[in-house]
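# Tertiary structure, described
The lines below spell out each chain.
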Amino acid sequence: MTLRLDLFCRVIDNYGDIGICWRLARQLHAEHGIAVRLWVDDLASFSRLQPDVDTGAEHQLVQGVAVRHWRGQDGAFTPADVADIVIEFFAVDLPPAYVAAMAQCTPRPVWLNFEGLTAEEWVEGCHRLTSPHPQLPLLKHFFFPGYTDKTGGLLREAALDEQRRAFLADPATADNFLRALGATGAELAATRVSLFCYPFAPVAPLFDAWRDSDDAVTCFVPEGVATEAVQGFLGGPARAGAVATRGRLTVRVLPFVPQTDYDKLLWACDVNLVRGEDSWVRAQWAGKPFVWHIYAQDDHLHHKKLRAFLQRYANGLPALSAFTLAWNGVQQHADWPALWHALRAEAPQIAAHAITWQDQVAAHGDLTGKLLAFVHTLRGA
Ligand code: TRH
């Protein structure tokens, strides 16, 4: 019997969280044959990652996933509408009528709250914990992605490593990919950096350091990212195709690429500046040196999360730690030329570590496999 799964996603801050939800939905369908219905409130943001999404459609099928425009909390639902597995992403509130219909189902659906990724140790104690509904006979379980056996692991498609190896087997493939996005021969010959960060990243001083550095740097920045600093550097609008060179730095604005091409961008660059969750995980699978810009939370909660990750990932890589802390504003008054110089000098160790890390994390299993194993336990299968 084909299992049905409803995944509810609310988009935050432009396209936050749809990146992870879309990847999860696609993989559950493509690799496990689950009938996935993805409820998403912001189709315009979704279409940036997946350009064939029709932003005006209430219902549509995208790569085998049924996509529903989630317009609000007022829908009417019966038990027949409820899937076998219900996932709320990041504790979003489900429509009340949907929850009421869940309580009338026999058997009840498996209900999961899919949480954000963190390297902190406490997640091991919270992964798979239950949370009973205050009024209805329903039980929700927490599902935490993570870096250890006692967590839900990381999303990773079965063919990803093979695709990456094939892409990197011939350097011309990466060059052609970047050329198709407008890059010139001189830009390709420099150190290639991809830039994806939140608006509070100190991009302008880093540009200054690259401009004045000994070695040439090409920074590829998708449209809509770090717009203010990019415009400042270009001296004009940061539109796709815009490019300028000052000193040793060239900044080229790329179109915002589809999600599947974003992996290729990471593979084609020497250093990747990534952010949030999905691009951060993809950078780990890319096996290239990367610097993470974390999503800011109240009371500097994100600083704790950042340090927890660096503790796991960058122990023994002092230049990477220092650069990352400064990039996230944990350390003020950064000396960017010195930080960049040290990061470049540490690059061979970082690159070697990136490969060991991949193997280590992959050994804990892929998230979708772990999620479905947990679902089967709960269903008593
Ligand atoms: O969208 P994000 O900022 O996501 C974040 C995190 O999930 C964070 O924890 C959170 O709560 C916040 O949202 C609100 O960054 P993330 O997770 O890296 O997702 C971005 C997606 O965009 C990712 O799937 C890669 C994709 N992408 C493209 O497809 N093309 C591009 O050109 C670029 C730059 C990104």
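The structure under discussion appears in the preceding block.
Throughout what follows, the structure given in this document is the object of discussion. Just so you know, these numbers come straight off a predicted model, no measurement behind them.

Rules of the game
Residues numbered from 1 in each chain as written. Predicted model: local features only at pLDDT ≥ 70, side-chain atom pairs only at ≥ 80, totals over all residues. Heavy atoms only, no water. Near = heavy atom within 4 Å. Polar contact = N/O pair within 3.5 Å; in protein donor to acceptor, adjacent residues only side chain to side chain. Areas by Shrake-Rupley, 256 points an atom, 1.4 Å probe, with all protein chains shown as cover. Nonpolar A, V, L, I, M, F, W, Y, C, P; charged D, E, K, R; others polar. Domains from an automatic or database assignment. Phe/Tyr/Trp six-rings, centres within 6.5 Å; stacked < 30°, edge-to-face > 60°. Helix = DSSP H or I, 4+ residues; strand = E, 2+ residues; numbered from the N terminus. Buried < 20%, exposed > 50% of the residue type's maximum accessible area, 1.4 Å probe, protein only. Lys NZ or Arg CZ within 6 Å of the ring centre and 35° of its normal. Right-handed = clockwise from strand over helix to strand, strands pointing away. Pairing = 2+ DSSP bridges. Axes fitted to C-alpha atoms, helices over the stretch in contact; angles between N-to-C directions. Parallel < 35°, antiparallel > 145°, perpendicular 65-115°, else oblique. Left-handed = near helix turned anticlockwise from the far one by under 90°. Contact = heavy atoms within 4.5 Å. Arc of directions from axis to C-beta. 1 Å grid on protein atoms, 1.4 Å probe; cavity = no way out; pocket = protein on both sides within 12 Å on 5 of 7 lines; lining within 4 Å. Points joined across faces, edges and corners; volume = space filled by probe spheres on them.

## A few points about the site of the ligand
What surrounds the ligand is a group of 22 residues, the closest being Tyr198, Val257, Gln259, Asp278 and Ser279. One nitrogen or oxygen atom from the side chain of Arg275 is found 3.0 Å from an oxygen atom belonging to the ligand. Surface burial for the ligand is 96%, taken as the share of its 710 Å² of free accessible area covered by protein chains. A breakdown of the residues in the shell around the ligand according to their chemical character gives 13 nonpolar, five polar and four charged. Each of domain 1 (4-155 + 366-380) and domain 2 (160-362) accounts for three or more of the residues forming the shell around the ligand.

## With respect to the packing of aromatic side chains
Counted under the stated rule, the structure contains 33 aromatic pairs. When the centroid spacing of 5.1 Å and the interplanar angle of 70° are considered together, the rings of Phe8 and Trp70 count as edge-to-face. Linking Phe8 in strand 1 (residues 4-9) with Trp70 in the loop between strand 4 (65-69) and strand 5 (85-89), this pair joins segments that are 62 residues apart in sequence. A relative accessible area of 3% means that Trp70 is categorised as buried. Residues Phe89 and Phe114 carry aromatic rings whose centres are separated by 5.3 Å and whose planes lie at 25° to one another, so their mutual orientation is stacked. Remark: Phe114 occurs in strand 6 (residues 110-114) and Phe89 occurs in strand 5; sequence separation between them is 25 residues. Like Phe89, the residue Phe114 is buried in the burial classification. Positioned above the aromatic ring of Trp285 is the side chain of Arg156, whose terminal nitrogen or guanidinium carbon lies 4.3 Å from the ring centre. Note that Arg246 overlies the ring of Phe233, its terminal NZ or CZ placed 5.4 Å from the centroid.

## Description of the pairing of strand 6
In terms of burial, strand 6 is largely enclosed, as five of its five residues are buried. Neither face of strand 6 is left uncovered, since the one carrying Val110, Leu112 and Phe114 and the one carrying Trp111 and Asn113 both have all their residues buried. Once the chain exits strand 5 it traverses helix 3 (residues 96-103) before rejoining the sheet at strand 6, and the crossover so formed is right-handed. Here four bridges tie strand 6 to strand 8 (residues 139-143), and the two strands are oriented parallel to one another. What sits directly across from Leu112, in strand 8, is His141.

## Describing the pairing of strand 2 (residues 35-40)
Across the six residues of strand 2, five count as buried, placing the element largely inside the fold. Relative to strand 2, strand 1 runs parallel, the two being bridged by six bridges. Bridge assignment links Leu5 to a residue of strand 2, and that residue is Val36. Looking at chain direction, strand 2 and strand 4 are connected through four bridges and run parallel. Within strand 4, the position partnered with Arg37 by the bridge is Ala66.

## Considering the packing of helix 10 (residues 259-268) against helix 11 (residues 278-286)
At their nearest, the axes of helix 10 and helix 11 sit 9 Å apart, and the two run at 50° to each other. By the criterion of interaxial angle, the relationship of helix 10 to helix 11 is oblique. Helix-helix and strand crossings are classified by hand; for helix 10 and helix 11 the assignment is right-handed. Mapping the contact onto sequence places Gln259, Tyr262, Asp263, Leu266 and Trp267 in helix 10 and Asp278, Ser279, Arg282, Ala283 and Ala286 in helix 11.

## Remarks on helix 6 (residues 171-180)
Within the span of helix 6, buried status applies to Ala174, Asp175, Phe177 and Leu178. Looking down the long axis of helix 6, one finds its buried residues gathered within 160° of arc, a one-sided arrangement. Its buried side turned inward, helix 6 meets helix 5 (160-169), helix 7 (185-189), strand 9 (191-195), strand 10 (217-222) and helix 10. Immediately downstream of helix 6, the backbone of Gly182 shows phi near 110°, a positive value.

## Comments concerning the side chain of Glu187
For Glu187, the location among the structural elements is in helix 7. Under the relative-accessibility criterion, Glu187 is labelled buried at 7%.

## Details of the layout of surface pockets
Empty space within the second largest pocket amounts to approximately 310 Å³. Arg26, Glu157, Gln163, Thr260 and Arg282 are the residues nearest the centre of the second largest pocket, which is lined by 17 residues in total. When residues in the lining of the second largest pocket are grouped by element, the largest group, five residues, is from helix 1 (residues 18-32). For the lining of the second largest pocket, the class distribution of residues is six nonpolar, four polar and seven charged.

Keep in mind these numbers describe shape, not what the thing actually does.
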